[in-house]
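Below, each chain spelled out in residue letters.
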Number of protein chains: 4
Amino acid sequence: MSSSQPLRGVVPPVCTPLDASGEVDTVSLTRHVEHLVSGGVHGLFALGSSSEVAFLTDRQREAVLRTVVEAGAGRVPVLAGVIDMTTPRVLVHAEAALDAGADALVATAPFYARTHPAEIARHFRTLRSRVDLPLYAYDLPVSVHSKLSTALVRELAEDGTLAGLKDSSGDEGGLRRLVVELGGRHGRADGPAPSFSILTGSELTVDAALLAGADGVVPGLGNVDPAGYVRLHDAVRGGDFDRAVKEQERLVELFGMVDAGPESEMGRNSSAIGAFKHALRLLGVFAHGTTAAPQIQLGDASVALVEERLRGAGLLPVR
Amino acid sequence: MSSSQPLRGVVPPVCTPLDASGEVDTVSLTRHVEHLVSGGVHGLFALGSSSEVAFLTDRQREAVLRTVVEAGAGRVPVLAGVIDMTTPRVLVHAEAALDAGADALVATAPFYARTHPAEIARHFRTLRSRVDLPLYAYDLPVSVHSKLSTALVRELAEDGTLAGLKDSSGDEGGLRRLVVELGGRHGRADGPAPSFSILTGSELTVDAALLAGADGVVPGLGNVDPAGYVRLHDAVRGGDFDRAVKEQERLVELFGMVDAGPESEMGRNSSAIGAFKHALRLLGVFAHGTTAAPQIQLGDASVALVEERLRGAGLLPVR
Amino acid sequence: MSSSQPLRGVVPPVCTPLDASGEVDTVSLTRHVEHLVSGGVHGLFALGSSSEVAFLTDRQREAVLRTVVEAGAGRVPVLAGVIDMTTPRVLVHAEAALDAGADALVATAPFYARTHPAEIARHFRTLRSRVDLPLYAYDLPVSVHSKLSTALVRELAEDGTLAGLKDSSGDEGGLRRLVVELGGRHGRADGPAPSFSILTGSELTVDAALLAGADGVVPGLGNVDPAGYVRLHDAVRGGDFDRAVKEQERLVELFGMVDAGPESEMGRNSSAIGAFKHALRLLGVFAHGTTAAPQIQLGDASVALVEERLRGAGLLPVR
Amino acid sequence: MSSSQPLRGVVPPVCTPLDASGEVDTVSLTRHVEHLVSGGVHGLFALGSSSEVAFLTDRQREAVLRTVVEAGAGRVPVLAGVIDMTTPRVLVHAEAALDAGADALVATAPFYARTHPAEIARHFRTLRSRVDLPLYAYDLPVSVHSKLSTALVRELAEDGTLAGLKDSSGDEGGLRRLVVELGGRHGRADGPAPSFSILTGSELTVDAALLAGADGVVPGLGNVDPAGYVRLHDAVRGGDFDRAVKEQERLVELFGMVDAGPESEMGRNSSAIGAFKHALRLLGVFAHGTTAAPQIQLGDASVALVEERLRGAGLLPVR
């Protein structure tokens, strides 16, 4: 993946299968990469938030990344999340990712430590200059608690620091301003290949985001139904918005599985990741639905709700 | 506007012209209603946030609403914001709005006082039962500091409390879930008229929102270029997404005027409202660009930036 | 209360008794003022947050303020909250408060509308210049969603805009910096009378706040036990910190009543105000424990918890 | 440090000296430990936020902790921060801390990943059961973006999971409720040794916190003036509140150094840590004032402001 061939399409954040003891299940992970690639996805994002990167030790991160790279076998590019609090710690992960064969890095702004926009810019510039891989900025205010401004992203896009943006901020208006400032959707989609990839993490409005000029999508739910997201992407690219909307609405209903865990008992994140993992177990891809500590595990009633959504979306036979 | 004829289309939040002393300029306001209606808008939202409702005294609110109703002359429905902290205070505004001839009410959740979802539900139900006008919920977390949940809006839609939602939360994913839960876009747009109107306040992604199933839009920038938003709406309704995206991108560039005021000197809200008002002055609609106290006024350099955006968007002759 | 006699001591925010229909119960309110003044308080803060000012219509606010002023009969100064979104609306309340006989005004920064520090400064300066009463700034980020900076308060103290600060921000470190910047506690307490009153809203750490240099306290719980807060204040002023801490700890236990309402059913604010009002009912001061709409009312089990706390603190005979 | 000898007194979070290249300067660190211990402190908190723990690689963290333990030479207990996003990653740091000779661990709630109170409880219980060292909870909402509730801390105190709390939440009222629920200050200070240590991070209100029942303080500014904080602590313990307040006010003025860096150029955290480090350089303890990447370094004008504060507080000769 050179910077002259920007990333487009469906790039799921690869869920990390764990065994009952919490160790990485590389057999299931290899099977999952096959599930995704055969579903037609255009790239793989390992070690993202939906991969439970925040819960994986450095040793586990390496195991995950090496497995994904090996299983992917060069068929699609592999982006590696290098998620940590500040520049020096992120650099350690970045060097490990380079060594493990990643095609690009995905980094957030610093977190835990409070920072200034000038420090965030310095953070990305240092990462880019120290590790020779294309760098994506990951805008995820719900975890990082700061928002990358349109002006900062534009500056770092124009000076070549960033190869792209993975936008999970939910700020669709800000993203639209960025698209227009970078030349607009028509300049991007119909003209020469853009030199900067905009990937949205908004898995419930992919039709809208692609219409608005996003290059691709990083859907957590794409772990469960990669082919559905590929069909949705293809429909928009082919100009068939009616079909795109229908596919998106089916995926929105499928997404309802994230509410499976009771709010009084577990976090929304644990519920969503647990639902994706149990769905993959029910589909025969994962051996277990286990999530990492200290997350609460889904109970039987919750798993039954997940199964119901899979049947409703046509991914399991209706009983 | 009966509840069997739900609101669709472009419904700008009507900016409130003030004279140099801060009093409501009813002559300019009458001219502005004509500007909007002749631009083809489908409704008028008086006393919204972009109308500076938070800055207007009760006496001024009444003057504004009576002027808009009279100038509109029944050609389009007039929605009236009844913005205040809690149920008893909102009821006072609601009765005044009924008396002034409004066709519907728009109310937020309580603010200043911290509330519970059960109290928010009780708030909307009390308003609906005490004043006989269709009621829209106004979801504006940036001002109200709480978010209306999809579950709550759905409950209040299904039991007839709410005639619609004006969603300025920026949570496009949540809005999509609501659309799907209410039957989906195809059920909404192609089938029988929906009984619940979803209006988005996301003026930079109207093409996307209408694609996703919103019924209409409440664009602050629609004060400046109502005809542009009407063309955008019509393009989507006619299935011409290429034209819609081009019109939206032109409006995104025009929107850049909201950054006219320097961040070091004034709030983002003052800058945006000041820009819209000076744009309307430059277009010959408003006599003054004054914003209400304690907002800082735009300086000459800022007004020049506004003018530049108007020329760039083709709303003033290029010099 | 002239600006040369700054306010010190215990200044409870006066709870507003309502009858079963939600109307102001002026008979109970008159009795309550007597309860407070005979408890030894040094001032009365009518129309504060604990007075449910956000829930009272303008007509009700006037009834409350006139009743408090009349019942107080000049024995202690009456501060009047003039709580509304922006300068023009606050000015309406300020003129009404002047007319009703208030001795000083208490105003927050603008809310609902997003503002800039320069606009907040302009807000307070406009209020001070337009209504001839001493002005207190009310720092309440939990409701207003912005924090008054130490620098801004100091500037407005030094230029005479503000007569004092009612600090409910919980930022004790910031408050300490302000005290030191204004000359320190020893300069304040032992030297000439300060020209600026710092009142803390932190009712659980009054001993600490007075030690640190606050001039007084505005305790919501002081509605229930004014004499307890007066004893606590007197103990600190007399240098008897052991007695002060014991009194404070008794009041902290009494304060536990604010958790009477179940979190799953009502807001924390409704629970706290409901608890204070039912406590006053049990003490024979209020006729009803009703809170204003849309707040949820305390149930019997919750009221029993309130009663238990009153007995534990020695305010009702132990059964 | 056994759990029967709870920690009391002044426990500074030890700043980490870096050389110009960003590597840990163990020579300066050894000198700094001597500076602190000879200043009379009662414990050392290595790898806290003021130690720039978020910026240190695992290798650097180990170098820091081994140096502090060796230099401390058992004269005072060494607490080790084990700051990372989730349980599995924190466990890696906890095992390294045990191996390096720490006397206790200090851990936050999970961050980056969003969690539920039940998951936070599980996090602390897992840490305690897996590594045999006393465990302190570190409540730091400004970094972690969740607040430990009084109920949760009390539960984990009573079941023996936690040996103490380092409270940097700024919620003094909540802390007071915890003190009272655990038996009150008089039960704590005058009776048998408490089994749970409450340490406040509120370095500007130590007199007040100790009065209210805190066992000790973790002052970032204690790096610069450990003897001052020890005098303050001793004054309160000896009941001389006048002397305590005077010492605290001197330290508040000294603390003003944290504003040395211009807000337009760097984060508040970078300014504060940079100020402490340059102060230590001016005092002859550190060789450099360098802060870790991507923080902006203090310029000459800022360093001059730091020096001025040192002179004002009597820590450098007045020129």
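All values reported here derive from a predicted model rather than from experimental measurement. (Residues numbered from 1 in each chain as written. Chains lettered and ligands numbered in written order. Predicted model: local features only at pLDDT ≥ 70, side-chain atom pairs only at ≥ 80, totals over all residues. Heavy atoms only, no water.)

(A) Summary view of the relation of the copies chain C and chain B. Placing chain C over chain B gives an RMSD of 0.0 Å and needs a rotation angle of 180 degrees, together with 0.0 Å of translation along the axis. On the angle and the small slide along the axis, the relation comes out as a two-fold axis. Mapped onto chain B, 100% of the interface residues of chain C again fall at the interface, so both copies present the same surface. (Least-squares fit on C-alpha atoms with pLDDT ≥ 70 in both. Contact = heavy atoms within 4.5 Å.)

(B) Broad picture of the pattern of salt bridges. Applying the stated criterion across every chain yields a total of 88 salt bridges over all chains. Among the ionic pairs, E155 of chain C bridges to R125 of chain C, the shortest N-O distance being 2.9 Å. Residue E155 of chain C is found in helix α6 (residues 150-158), and its partner R125 of chain C is found in helix α4 (residues 117-130); the two are separated by 30 residues along the sequence. The exposure class of E155 of chain C is partly exposed, given its relative accessible area of 39%. The shortest N-O distance in the salt bridge between R177 of chain D and D259 of chain C comes to 3.0 Å. (Salt bridge = Lys/Arg side-chain N within 4 Å of Asp/Glu carboxyl O. Helix = DSSP H or I, 4+ residues; strand = E, 2+ residues; numbered from the N terminus. Buried < 20%, exposed > 50% of the residue type's maximum accessible area, 1.4 Å probe, protein only.)

(C) Just the interface of chain C and chain B, in detail. On the chain B side, the residues contacting the 44 residues of chain C number 44 residues. A salt bridge links R89 of chain B to D84 of chain C; the shortest N-O distance between them is 3.3 Å. The tally of links from chain C across to chain B stands at 27 residue pairs in polar contact (both at pLDDT 80 or more). Of all the secondary structure elements, the ones that give two or more residues to the side of chain C that touches chain B are α2 (58-72), α3 (87-100), α4, α5 (141-144) and α12 (268-282) of chain C. Top contributing element to the side of chain C that touches chain B by residue count: α3 of chain C, with 5 residues. Class assignment of the residues belonging to the side of chain C that touches chain B gives a composition of 20 nonpolar, 15 polar and 9 charged. (Polar contact = N/O pair within 3.5 Å; in protein donor to acceptor, adjacent residues only side chain to side chain. Nonpolar A, V, L, I, M, F, W, Y, C, P; charged D, E, K, R; others polar.)

(D) Seen up close, the relation of the copies chain D and chain A. If you rotate chain D by 180 degrees and push it 0.0 Å along the axis, it lands on chain A with an RMSD of 0.0 Å. Interface overlap between copies is the fraction of interface residues in one copy that are interface residues in the other; for chain D against chain A it reaches 100%, indicating a shared surface.

(E) Geometry of the UniProt feature "binding site: pyruvate" (unreviewed entry) in chain A. Residue and element names in this part refer to chain A. If you check UniProt for "binding site: pyruvate" (unreviewed entry), the listed places come out as V218 in our numbering. Among the secondary structure elements, V218 is positioned in the loop between β8 (216-217) and α10 (226-237). Contact partners of V218, with chain neighbours within four places excluded, come to V11, P12, P13, F45, K166, L199, T200 and G201. (UniProt positions renumbered as here; feature names shortened; annotations may be inferred.)

(F) Molecular detail of the packing of aromatic side chains. Within this structure, the stated rule accounts for 12 aromatic pairs over all chains. Between F241 of chain A and F241 of chain B the ring centres are 4.4 Å apart and the planes differ by 45 degrees, which places this aromatic pair in the tilted class. With F241 of chain A in helix α11 (residues 241-255) and F241 of chain B in helix α11 (residues 241-255), this residue pair bridges two chains. Here F241 of chain A and F241 of chain B have matching classes, each one buried. (Phe/Tyr/Trp six-rings, centres within 6.5 Å; stacked < 30°, edge-to-face > 60°.)

(G) Quick peek at the UniProt feature "active site" (unreviewed entry) in chain A. If you check UniProt for "active site" (unreviewed entry), the listed places come out as Y138 and K166 of chain A in our numbering. For the annotated residues, spread through 29 residues, the largest C-alpha to C-alpha distance comes to 4.8 Å, consistent with a single compact locus. By the element assignment, Y138 of chain A lies in strand β5 (residues 135-139). With residues near it in sequence (within four places) discarded, Y138 of chain A still touches F45, S49, I83, V106, A107, T108, A109, L148, K166 and S168 of chain A together with Y112 of chain D.

(H) Quick look at the packing of helix α4 (residues 117-130) of chain B against helix α6 (residues 150-158) of chain B. Residues and elements named next belong to chain B. At their nearest, the axes of α4 and α6 sit 11 Å apart, and the two run at 30 degrees to each other. In terms of their interaxial angle, α4 and α6 are classed as roughly parallel. Crossing handedness for the pair α4 and α6: right-handed. Taking contact as the criterion, the partners of P117, I120, A121, F124 and R125 in α4 are, on α6, L152, E155 and L156. Partitioning the contact of α4 with α6 into residue classes produces 6 nonpolar, no polar and 2 charged. (Axes fitted to C-alpha atoms, helices over the stretch in contact; angles between N-to-C directions. Parallel < 35°, antiparallel > 145°, perpendicular 65-115°, else oblique. Left-handed = near helix turned anticlockwise from the far one by under 90°.)

(I) Structural context of the environment of A100 of chain C. Residues and elements named next belong to chain C. One can find A100 in helix α3. Each C-alpha atom of the pair A100 and D25 lies 18 Å from the other, and the pair is 75 residues apart in sequence. In this structure A100 touches L65, R66 and V69, once residues within four positions along its chain are discounted.

(J) Summary view of the pairing of strand β6 (residues 164-167) of chain A. Residue and element names in this part refer to chain A. Judged by which residues are buried, β6 turns out to be covered on both faces: G164 and K166 on one side and L165 and D167 on the other are all buried. Bridge analysis of β5 against β6 gives 4 bridges, and the strand direction is parallel. Counted as the bridge partner of D139 is D167 from β6. Relative to strand β7 (residues 197-200), β6 runs parallel, the two being bridged by 4 bridges. Looking across to β7, one finds that L165 is bridged to I198. (Pairing = 2+ DSSP bridges.)

(K) Representation of the arrangement of the chains within the structure. Across the gap from chain A to chain C, with no contact made, the nearest C-alpha atoms are 10 Å apart. Across all C-alpha pairs, the smallest distance from chain B to chain D is 10 Å, and the two are not in contact.

(L) Inspection of α6 of chain C at higher detail. All names here are of chain C. Listed in full, the buried residues belonging to α6 are L152, V153, L156 and A157. Buried residues of α6 fall within an arc of 135 degrees about the axis and therefore sit on the same side. Opposite its buried face, α6 presents the exposed residues A151 and E158, each directed more than 90 degrees away. Taken together, the buried residues of α6 touch α4, β6 (164-167) and α7 (172-181). Just beyond α6, the residue with positive phi is G160, at close to 85 degrees. (Arc of directions from axis to C-beta.)

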